[in-house]
2 protein chains.
Amino acid sequence: MAYATIRDVARLAGVSVSTVSRALNTKGRISEHTKLVVEQAMKELGYIPDSRAQAMRSSKTGTVGLLVPDIRNPYFADLAYTIQDALFGAGYCTFIGTSSENADQQDSFIMSILSQRIDGAILVPQGGDSHALRLLIGRKLPLVFVDRQVEGLDTIPVVDSDPIPGLTEALEDIRAHGCSKVGYVSGPVLESPTLQEREYVFRELAAMAFGEDHVFVESTGFDQSSCVSVLRRMRRAGVGAVIFGYSPDAVRAVSLMHDNGIRVGLDISIVSFDDLEMFRLTSPHISVISQQVRRIGAIGAQTFLDMVVGHGAAGSHRVETTYIPRESVGRMR
Amino acid sequence: MAYATIRDVARLAGVSVSTVSRALNTKGRISEHTKLVVEQAMKELGYIPDSRAQAMRSSKTGTVGLLVPDIRNPYFADLAYTIQDALFGAGYCTFIGTSSENADQQDSFIMSILSQRIDGAILVPQGGDSHALRLLIGRKLPLVFVDRQVEGLDTIPVVDSDPIPGLTEALEDIRAHGCSKVGYVSGPVLESPTLQEREYVFRELAAMAFGEDHVFVESTGFDQSSCVSVLRRMRRAGVGAVIFGYSPDAVRAVSLMHDNGIRVGLDISIVSFDDLEMFRLTSPHISVISQQVRRIGAIGAQTFLDMVVGHGAAGSHRVETTYIPRESVGRMR
DNA sequence: CTGAAAGCGCTTACAG
DNA sequence: CTGAAAGCGCTTACAG
């Protein structure tokens, strides 16, 4: 079944194509009466304007691309939802894509939205610089990085979180519970400058509070199995509390500890980044360093909208992390 | 910065526009040499074909719309991921949209993809019949419903799960643990025929196994607060085990029980639909009725692809639910 | 207030 | 193997 075209509408309404177009866009002079006639004809034909044709002429597509690494990660799901919602409110249609923590798939998404001639993009960038990224930037479209930044691409505004406040408070809480050695599991740092920064900040802060010899850091990569051995090693070294920089690691660790009879909050204290719902389901509930993902999303969307109006000028923004103490940080036996 | 057009490429390569087009699509006769020359010109200009223009001429957009109620629900996140992945493998670009469990927003998404002239859609439909849905169906595009169906729209293939096997096994497990009265919390049934069916099947099965007088059913809607009072009432009635038809309810309930000192698996047994990661994080772990969401997603995508080739002909498919027993079902004190 | 014409960036027969 | 021309469905000046 073929779509009705503007021509069909014009014919049925007994007017010219231009008149139909004017009725469609309620702009230009048009009489009330003809407008009504045209709208009637549209209804009768079930006319749906071809937005591709519209966009091609008017060079405004009303769509923006949004890329997240993995929609199954609740943090990114929340982020995507918030952004889509905010942009929808501003009249934009958001296309969500997934990079699977993979630079190639990111690039393929970028090429796809570029060839779609979208009005702009919001990205959680993957890894470092890339060809497609350069192309996107060269386009000078409104572009915002969220959650992560890319080294060397300093002209793009980035909205992310400042790890210092949350980490500071978490370390204080741990210390207040009588713990003298603290560990940090940093996740796949190679993929993400954000994770690198967190680790760096942790090292600085923890060394100041606990002394360099009492600070242990390990990264896990994407390998599930390594998690157990890392924790085992830390406990053997006398570490009483572990902070997870990457929440999927914490999820895995909590599950493993349960299965291995290690009691959270009693045998070891746990803090994780990201205020995920599931951390309120465990017993004990897990203390978290919240990135305030809703705020990041809202500010990210707003920054994007500012760029649309301001033609490119917009600044970066850091949202403070906050610490939410719960029972997973306890006094060791 | 304006995009380079096919004209620009033709000029630089010293050939005609048609020749560039042929090089682009590697179809029609074209000499190796000129093809190389053209490709060189494309590279030099950073040419990215306008897929809107391409689609308008060739009436194949290579994109499909995917609508889920709420991407923050891990079940739908998983579903969306699986589908997007499968379609990507088949050369399709998937646009994910969110209906927020809201028929209006669903309709607005449908209108948007329709005006985008996408090749087809996969929907987790919202509520009942609607104008936009009719329009979409009238288009005779490949269309698949996933997870839910719409009453009266029986021509559309639907891929969902069969609640019987999982519920049967769950009830057996509960019975084997010496429980004599069983409850069911059915979630926002009004929004979803799937939830209605689950409730219905539960009633039948439970009445057979426990006797009609020992079966208690309540629905919660989207209201958080009602959850507590529902559980309280059921416990007072002597209910030893509760099955949740809608996993977000179970998540809330587990969290509330924890806060109110009700011990899962000891004071009350719990089973929830959907094999979510978080149900393996709680202690005790929650027994679940899995819908095998990955399979649903894979089959949904495959059904869609079949429709693309077969021009409309494709059947519905039910995936069996399976029961995964864990410690949340225990012997009551 | 309304219509005829040009053109957005492509693809597709049709000639050559 | 290659090019000139028509046309996909719209919008936008330009006349009237």
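Reading guide: rules and limits
- Residues numbered from 1 in each chain as written.
- Chains lettered and ligands numbered in written order.
- Predicted model: local features only at pLDDT ≥ 70, side-chain atom pairs only at ≥ 80, totals over all residues.
- Heavy atoms only, no water.
- Helix = DSSP H or I, 4+ residues; strand = E, 2+ residues; numbered from the N terminus.
- Rg over C-alpha atoms; globule rule 2.2 N^0.38 Å.
- Buried < 20%, exposed > 50% of the residue type's maximum accessible area, 1.4 Å probe, protein only.
- Areas by Shrake-Rupley, 256 points an atom, 1.4 Å probe, with all protein chains shown as cover.
- Lys, Arg positive; Asp, Glu negative; His and termini not counted.
- Charge placed at Lys NZ, Arg CZ, Asp CG, Glu CD.
- Salt bridge = Lys/Arg side-chain N within 4 Å of Asp/Glu carboxyl O.
- Contact = heavy atoms within 4.5 Å.
- Core = buried A, V, L, I, M, F, W, Y, C linked by side-chain atoms within 4.5 Å.
- Near = heavy atom within 4 Å.
- Polar contact = N/O pair within 3.5 Å; in protein donor to acceptor, adjacent residues only side chain to side chain.
- Phe/Tyr/Trp six-rings, centres within 6.5 Å; stacked < 30°, edge-to-face > 60°.
- Lys NZ or Arg CZ within 6 Å of the ring centre and 35° of its normal.
- Domains from an automatic or database assignment.
- Expected span 1.5 Å × (residues − 1).
- Buried area = accessible area lost by both parts, 1.4 Å probe.
- Nonpolar A, V, L, I, M, F, W, Y, C, P; charged D, E, K, R; others polar.
- Least-squares fit on C-alpha atoms with pLDDT ≥ 70 in both.

The next subject is the overall build of chain A. Helices and strands together make up the secondary structure of chain A, namely twelve helices and twelve strands. A compact globule built from 333 residues would reach a C-alpha radius of gyration of about 20 Å, whereas chain A, at 26 Å, exceeds it by more than 25%. Dimensions of chain A, computed from C-alpha atoms along their principal axes, come out at roughly 85 × 40 × 30 Å. Scored against the burial criterion, the 333 residues of chain A give a buried share of 55%. Within the structure as shown, chain A displays about 14300 Å² of accessible surface, and the carbon and sulfur contribution to it stands at 51%. Placing the 33 positive and 38 negative side-chain charges of chain A at their respective mean positions leaves the two points 5 Å apart.

Residue and element names in this part refer to chain B. The residue Asp-107 is located in helix H6 (residues 103-115) in this model. Despite its burial, Asp-107 pairs with no opposite charge, the nearest such side chain being Arg-134 at 11 Å. Those residues in contact with Asp-107, other than ones at most four positions away along the chain, are Ser-130, His-131 and Ala-132.

On to the nonpolar core, then. One finds Leu-87 and Val-242 of chain A together with Leu-87 and Val-242 of chain B to be the most contacted residues of the largest nonpolar core, which totals 96 residues. The contact partners of Val-242 of chain A, leaving out residues within four places of it in the chain, are Gly-183, Val-185, Leu-231, Met-234, Ile-268, Ser-269, Ile-270 and Val-271 of chain A.

Taken together, 27 residues surround DNA strand D, and among them Ile-6 of chain A together with Ser-18, Thr-19, Arg-29 and Arg-57 of chain B come closest. Note that a phosphate oxygen of DNA strand D is positioned 2.7 Å from one of the backbone N or O atoms of Ile-6 of chain A. One of the side-chain N or O atoms of Gln-54 of chain A is found 3.1 Å from a phosphate oxygen in DNA strand D. Where the surface near DNA strand D is concerned, the elements lending two or more residues are helix H2 (17-25) and helix H4 (51-58) of chain A together with helix H2 (17-25) and helix H4 (51-58) of chain B.

As a further point, take the environment of Arg-148 of chain B. Residues and elements named next belong to chain B. With respect to the helices, strands and loops of the structure, Arg-148 is situated in the loop between strand S4 (143-146) and strand S5 (158-162). By relative accessible area, Arg-148 is classed as buried at 5%. Remark: the alpha-carbon pair of Arg-148 and Leu-195, spanning 47 residues in sequence, is separated by 8.7 Å.

The next point concerns the packing of aromatic side chains. The tally for this structure, following the rule as stated, stands at seven aromatic pairs over all chains. A centroid spacing of 5.2 Å and a plane angle of 65° characterise the contact between Tyr-75 of chain B and Phe-76 of chain B, whose relative ring orientation is edge-to-face. Plain terms: the ring middles of Tyr-184 of chain B and Phe-202 of chain B are 4.5 Å apart, the flat faces sit at 20° to each other, and that makes the pair stacked. With Tyr-184 of chain B in strand S6 (residues 182-185) and Phe-202 of chain B in helix H9 (residues 193-210), the pair connects residues that are 18 residues apart, well separated along the chain. Using a relative accessible area of 0% as the deciding quantity, one classes Phe-202 of chain B as buried. One residue, Arg-117 of chain A, lies across the ring of Tyr-3 of chain B, its end atom 3.8 Å from the ring centre.

This part takes up the domain arrangement of chain A. One widely used convention gives an interface's size as the accessible area the parts lose upon coming together. As far as domains go, chain A holds domain 1 (6-49), domain 2 (63-160 + 293-318) and domain 3 (162-292). Here the C-alpha centre of domain 3 of chain A lies 63 Å away from the C-alpha centre of domain 1 of chain A.

Attention now goes to helix H5 (residues 74-89) of chain A. For H5 of chain A, built from 16 residues, the straight-helix expectation of 22 Å at 1.5 Å per residue is met to within 8% by its first-to-last C-alpha distance of 22 Å. Those residues of H5 of chain A not exposed but buried are Tyr-75, Phe-76, Ala-77, Asp-78, Leu-79, Ala-80, Tyr-81, Thr-82, Ile-83, Gln-84 and Leu-87 of chain A. In this structure, the buried residues of H5 of chain A make contact with strand S1 (63-68), strand S2 (93-98), strand S3 (120-123), strand S4 (143-146) and helix H12 (293-310) of chain A together with strand S2 (93-98) of chain B. The opening residue of H5 of chain A, the one whose side-chain oxygen lies 2.9 Å from the backbone nitrogen of Tyr-75 of chain A, is Asn-73 of chain A. Of the residues flanking the end of H5 of chain A, it is Gly-91 of chain A, one or two places downstream, whose phi is positive at about 90°.

Between chain A and chain B, the contact holds 57 residues from the first and 57 residues from the second. For the pair chain A and chain B, the summed buried area comes to about 5400 Å², and 59% of that belongs to carbon and sulfur atoms. At the surface where chain A touches chain B, the tally comes to two salt bridges. Of the charged contacts, one joins Asp-50 of chain B and Arg-117 of chain A as a salt bridge, the two residues approaching to 3.8 Å between their closest N and O atoms. On the surface where chain A and chain B come into contact, there are eleven residue pairs in polar contact (both at pLDDT 80 or more). Looking at the side of chain A that touches chain B, the elements that each hand over two or more residues are H4, H5, S2, helix H6 (103-115), helix H7 (131-138) and helix H11 (247-260) of chain A. Across the side of chain A that touches chain B, the residue classes tally to 25 nonpolar, 20 polar and twelve charged.

Let us look at the protein's contact with DNA strand C. The environment of DNA strand C is made up of 26 residues, and the closest members are Ser-18, Thr-19, Arg-29 and Arg-57 of chain A together with Ile-6 of chain B. A share of 60% of the atoms of DNA strand C within 4 Å of the protein falls on sugar and phosphate groups. Within the contact set of DNA strand C, a phosphate oxygen lies 3.0 Å away from a backbone nitrogen or oxygen of Ser-16 of chain A. Arg-22 of chain A places a polar side-chain atom, nitrogen or oxygen, 2.8 Å from a base nitrogen of DNA strand C. Every element with two or more residues in the surface near DNA strand C is listed here: H2 and H4 of chain A together with H2 and H4 of chain B. For the surface near DNA strand C, the per-class residue count stands at eight nonpolar, eleven polar and seven charged.

A few words on the relation of the copies chain A and chain B. Mapping chain A onto chain B is achieved by rotating through 180° and translating by 0.0 Å along the same axis, at an RMSD of 0.0 Å. In short, the pair behaves as if placed about a two-fold rotation axis. Among all C-alpha atoms of chain A, that of Thr-282 of chain A lies closest to the rotation axis, at 2.2 Å. Counting the interface residues of chain A, we find that 100% of their copies in chain B are interface residues as well, pointing to one common contact surface.

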